[in-house]
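Remarks on the overall topology
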Amino acid sequence: MAVMKSVIGRISTFCTVAAGLGALFPAAVHAQVDDLGDAVVEEIVVTGSRLVRRDFNSPSPITTIDRGDILSAGQPTLEEALNTLPQMQPSFGRTSNNPGDGTSKVDLRGIGPGRTLVMLNGRRIAPAGIGSAIDVNALPSVLVQRVEIITGGATAVYGADAIAGVVNVITRDDFEGFGLETSYYTTERGDADTFDVNLTWGRELGAGHLTLFGAFLDRDPLFQADRRHSAQTINDDWFSNTLGPGGSPTTPAGAMNFPRVDFGNGPARTTWDDAGNPREFVSPDDLYDFAPINYLQVPLRRMSGGMLLRHDVGGRVELYSELTYTHNEVVQALAPAGSFGAFVAVNTDNPVLTPANQQFLADNAVPLGPNLVGLSFQRRFVELGPRIADSEKKFTRLLTGLRGDLNATWEFDAWASYTKVDELELQRNDGSFSRLQQGLLVDPATSNCFDPANGCVPLNLFGAGNLSAEGAEFLRNDPYQNKVTREQSLLSAFIRGAPFTLPAGGLATAIGVEWRRDSGGYAADDRLFSGDTLGFRADSNVVGAETVTEIYAEMLVPIVADAPFAQYLGLELGGRLSSYDHAGELQTWKLGTEWEPVGGVRFRAMLQRSARAPNLAEAFQLPYQANTGLVQFDSREDPCSASADPVGNGFRDVCIAQGIPAGEIGVFEATLRSPVVATRGGNPDLAPEIAETLTAGIVFSLFESWTLAVDYFEIDVEDTIGQARPWVVCWDPANTSRAGCDRIGRDPVTYDTNTLDQRAGNLGNISTRGFDTQLSFGTELSGPLALGAGNADLDVRVVWTHVKENSIQADLASTSLECVGKFGFLCRNFGNDSVFPENRVTTNLTLSASDWRAQLSWQWIDGSDNSAREVGPLFGIPSDFIDPAVESVGAKSYVDLSLRYDVSEHVTLGLTIANLFDEDPAFFANNGPAANTDPEMYDVFGRAYTLRLALNY
């Protein structure tokens, strides 16, 4: 095991580095980072364990942000505030239009949001949809007291999915009186408005307490056209080192992508003028710019409410209950649907065509029969309007439990929860491919469709503006309806206590059991399953359930206390046995240690084995077929083409195994733009993902006001689950075993690639490693430094994440792609859809007095390099052929200023200015995920203001 073999060496190296840092920062901090402080409390349970501790110390690093930090972040929603932390790789949020699914997610360490477990008050909540990731929109943000983030696997404590770590959202359940909080966010340009109002009421009820809450959030849309950096798609030509207007060759005028025709300048696409006559397609003049009508901010309307109840039922036992309900409405907008290179047939005596076009197609398209030709056809159906996806999501969760003392030594906690998720997505303004084909075959004698079914209307698709309104309505499909239902039932219980006392202290122990059943289904519209669509991807149904029964135990073993060179030395042990109906049995464990040689210096380490079982979609989605989007602009892109030298590159046997006769090796040339159909879907035989995680660090807290912690983290995930990529894997030079090549199918006549098997599988490894540094300082100010307040508190917190590796493999046999410090095609398409800066730093300076608080936040994001040059070898293109115009992007800084003033005991006003200096996002051109940048990582809105009013009575 790679992690086990290197633990001792890495801890030794790490401690040397940390000790050096300790010399630079000899003083220590009373921090906002929970595990850094040394204040003793009577009882605390730190995220990452079920064990009670006397202080905040933990073998795993934990970062905490409180409600004040969240409100001061200048972000309108919880996930946006969390994503400013350097440990987080920004995932789906308010800018996630394409790609996006209407949810908001968090992604710890950038290895996928489904590998981060999000909990509410230390208890598991159900994922969104039929995947593994949690929709943060479902959390009761109005009552959030703090958020604890633990790095490293926590499956032994909380069960599957906690591979990267845990985000534990903790709410307050002791609210007294009535509270009204309202905020209004708007940019300096007067757009992207977000209005949020929250009501809370709480009171003591006899031997208990009841809290009721309700909230409403309304977020306006913002289009890419509304910002200069995103209004126009900019294309980076890798082969000429130039930037220019970009867009799609799928245009309102239509284009013949294949066969290519020589109009005097070499083979080129064909388009048509407004009269419907053919001419050469000129790039970039004829490209369609899809950017302006895509959302830069996705509109959201969210209504939520619920209840928190606790009641003493006697005998030192408390009943508690949580009820949360959230109703989200999200809209996504994309450019109009198109025929993206589909192969269609047209009769050359079609009376809709101009005579010039009839002759042109007869001379240049692919002959299919008398007066019948075929072509790879692209056209943007602007007549249908933009593609719209309306999502309505309802999330209901009820949890009830009992907790209390069994005796003077042991206590218990047992709860049951039920979660119901209902989602309805309507996909609007798409067209039918079968009707498109039907309308292109027109009888010259009658000028009607050869096939008059469904009220067929002859379609003139050649030249902008030539499609009639009647033709557009004939093409139009009624909205697709996709439905998701998911239910999770959970029973969980544990006891904890100290069965006996060792010389160094009590042996803290926790033993628990859990039963969980996840069931659900996704009902895709029949037209998506059949593929009779133009603008929305093919899809298929998911129906399935997974049940797991688990038993786990933890133990905190104090070995030495109050001894020379060992103020404290202890071990933390834990293990969990999980039995799944489908995924089988899993054993996960943890082994941690803490050593405090002298007061104020503490070493810590945690080694864990974690796991993630296949989710419902990965295991149970029915197979379906879809256009892969695999495009070949040069026959050499098929390694079996003669021009690609399959013999010299060692591919001869592979090409023969795929169906190319031996006599055709060295003769066969792949057809450009040959359509390739992929089979996708789930796989009930998937094995769980297994992860080995290591964290090791040192904490200095030598003085009351300073604390410094430096932690090394390493996460290695094996048997990762995802969509297979046989085209990438098979031809990878590192794949000497030719794994995945049998998933590629070829036409028995033309020998062109025509099928790919992309069903879910256990793929290669994901690995990430690096360092987290957390520095906190707090002091009291007086006199002029207190800014007229008499006395004020100054708190400084710095969180720095340095990532040394974030790599991903498409298969165990293929090349490991390194994404740290890179952006662009390589990691955007084969890893996470984002940029991966090597360094990110968040610094908060907070000055507070009795009736006011000011916070200055600085987020620094390191620069990154274009990964384009590393793409070529994966596809047989020499690296020296690739010369992108955007070679790299520089570092970016974003500063936020937050002010809060208590007008009276009952009234508080607040103002936050986000992106104080109006810094632009990094510019990637079309190398970025969207909008010429990475809108999740960088601020795309400019300077913005949030006004807050809070009333408490």
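Per the secondary structure count, the protein includes 12 helices and 51 strands. Taken over the C-alpha trace, the protein has a radius of gyration of 30 Å; the compact-globule value for 953 residues is 30 Å, and the two agree within 12%. Along the first, second and third principal axes, the C-alpha set of the protein runs to 95 × 60 × 50 Å. Across the protein, the fraction of contacts at a sequence separation of at least 24, relative to all contacts at a separation of at least 6, is 72%. Summed over its atoms, the accessible surface of the protein is roughly 36,200 Å², and 57% of this surface lies on carbon and sulfur atoms. The average position of the 71 basic charges and that of the 120 acidic charges among the side chains of the protein differ by 2 Å.

Mean pLDDT over the protein stands at 88; residues scoring 70 or higher make up 93%. Highest mean pLDDT in the protein belongs to strand 16 (residues 278-280) (97); lowest belongs to helix 1 (residues 2-24) (37). Contacts from residues 1-42, a stretch scored under 50 in pLDDT, to residues over four places away or in other chains number 104 contacts.

What follows covers the sheet that holds strand 3 (residues 62-66). Taken together, the five strands give an open sheet; going across it, the order is 3-6-7-4-5, and neighbouring strands pair in mixed fashion. The outermost strands of the open sheet, each flanked by one partner alone, are strand 3 and strand 5 (123-124).

The subject of this paragraph is the nonpolar core. Within soluble globular proteins, side chains that are nonpolar generally end up buried alongside one another. Ranked by size, the top nonpolar core spans 38 residues in total, and within it Leu78, Leu82, Leu139, Val147, Ile149 and Val167 carry the most contacts. For this core, the elements supplying multiple residues, two or more each, are helix 3 (78-82), strand 4 (116-120), strand 6 (144-151), strand 7 (165-171), strand 36 (706-718) and helix 12 (825-830). Ignoring anything within four residues of it in the chain, the contact list for Ile149 reads Pro61, Ile62, Thr63, Leu82, Leu85, Met88, Leu108, Val166 and Val167. The next biggest cluster of nonpolar side chains, apart from the first, holds 27 residues, and it includes Val344, Leu375, Cys456 and Leu461.

Below, the discussion takes up the pattern of salt bridges. Scanning all chains against the criterion turns up 47 salt bridges. Measuring nitrogen to oxygen at the nearest pair gives 2.9 Å for the salt bridge that ties Asp757 to Arg759. Given the relative accessible area of 35%, Arg759 is considered partly exposed. One salt bridge connects Glu805 with Arg769, and the closest N-O pair in it is separated by 2.9 Å. Placement of Glu805 in strand 42 (residues 791-809) and of Arg769 in strand 41 (residues 766-782) is noted, with a sequence separation of 36 residues between them. Classification of Glu805 by relative accessible area gives buried; the value is 18%. Via salt bridges that share partners, Arg486, Glu514, Arg516, Asp518, Glu550 and Arg576 belong to a single interconnected network.

A word on a nonpolar patch on the surface. There is a patch of nonpolar side chains on the surface, built from Phe178, Leu199, Trp201, Leu212 and Tyr953 and spanning about 470 Å² of accessible area. Structurally, the position occupied by Trp201 is in strand 9 (residues 194-205).

This brings us to the pairing of strand 10 (residues 208-219). Looking at chain direction, strand 9 and strand 10 are connected through 12 bridges and run antiparallel. Across the sheet, residue Arg203 finds its bridge partner in strand 10, namely Leu210. Of the strand pairs in this sheet, strand 10 and strand 18 (residues 300-314) are connected by 12 bridges, and their pairing is antiparallel. Residue pairing in the sheet places Gly208 in a bridge with His311 of strand 18.

Residues Ala678 and Arg680 line the buried face of strand 34 (residues 677-680), whereas the alternating positions Val677 and Thr679 sit on a face that is not buried. Inspection of the sheet shows strand 34 paired to strand 39 (residues 753-757) by three bridges, in the parallel sense. When the bridges of strand 39 are listed, Ala678 appears paired with Leu756.

Taken as a whole and judged by the stated rule, the model has three disulfides. Paired through a disulfide, Cys449 and Cys456 show a sulfur-sulfur distance of 2.1 Å. Disulfide Cys449 to Cys456: torsion about the S-S bond roughly -75 degrees, handedness left-handed. The exposure classification of Cys449 matches that of Cys456, with both residues buried. Here Cys730 connects covalently by a disulfide to Cys741, the sulfurs 2.0 Å from one another. The sign of the S-S torsion, about 100 degrees, decides the handedness of the disulfide formed by Cys730 and Cys741: right-handed. A residue pair is termed long-range when its members are at least 10 positions apart, and Cys730 in helix 11 (residues 726-730) and Cys741 in the loop between helix 11 and strand 38 (744-746) qualify at 11 residues. Both residues of the pair, Cys730 and Cys741, belong to the buried class.

So, on to the packing of aromatic side chains. The geometry of an aromatic ring pair is captured by two quantities: the separation of the ring centres and the angle between the planes. Tallied over the full model, the rule gives 15 aromatic pairs. Aromatic ring contacts, followed pair by pair, group Trp272, Phe377 and Phe462 into a single cluster. In this structure, Arg109 packs its charged tip against the face of Phe713, placed 3.7 Å from the ring centre. We note Arg123 situated over the ring of Trp415; from NZ or CZ to the ring centre the distance is 5.0 Å.

Okay, the side chain of Gln437 next. Examined against the element boundaries, Gln437 turns out to sit in helix 6 (residues 433-439). Taking relative accessible area as the criterion, Gln437 reaches 18% and is therefore assigned buried. Here Ala345 takes part through its backbone oxygen, which lies 2.8 Å from a polar atom of the side chain of Gln437. Setting aside its immediate chain neighbours within four residues, Gln437 contacts Val344 and Ala345.

Here we come to the side chain of Thr211. Here Thr211 shows up in strand 10. Separated by 3.4 Å, the side chains of Thr211 and His209 make a polar contact. Beyond its immediate sequence surroundings of up to four residues, Thr211 is in contact with Leu143, Asp173, Asp174, Phe175, Thr200, Trp201, Gly202, Gly306, Met307 and Leu308.

The rules behind each value
Residues numbered from 1 in each chain as written. Predicted model: local features only at pLDDT ≥ 70, side-chain atom pairs only at ≥ 80, totals over all residues. Heavy atoms only, no water. Helix = DSSP H or I, 4+ residues; strand = E, 2+ residues; numbered from the N terminus. Rg over C-alpha atoms; globule rule 2.2 N^0.38 Å. Contact = heavy atoms within 4.5 Å. Areas by Shrake-Rupley, 256 points an atom, 1.4 Å probe, with all protein chains shown as cover. Lys, Arg positive; Asp, Glu negative; His and termini not counted. Charge placed at Lys NZ, Arg CZ, Asp CG, Glu CD. pLDDT = per-residue confidence, 0-100. Pairing = 2+ DSSP bridges. Core = buried A, V, L, I, M, F, W, Y, C linked by side-chain atoms within 4.5 Å. Buried < 20%, exposed > 50% of the residue type's maximum accessible area, 1.4 Å probe, protein only. Salt bridge = Lys/Arg side-chain N within 4 Å of Asp/Glu carboxyl O. Patch = residues over 30% accessible without salt bridge, like charges linked within 9 Å, V, L, I, M, F, W, Y side chains within 5 Å. Disulfide = S-S within 2.5 Å. Phe/Tyr/Trp six-rings, centres within 6.5 Å; stacked < 30°, edge-to-face > 60°. Lys NZ or Arg CZ within 6 Å of the ring centre and 35° of its normal. Polar contact = N/O pair within 3.5 Å; in protein donor to acceptor, adjacent residues only side chain to side chain.

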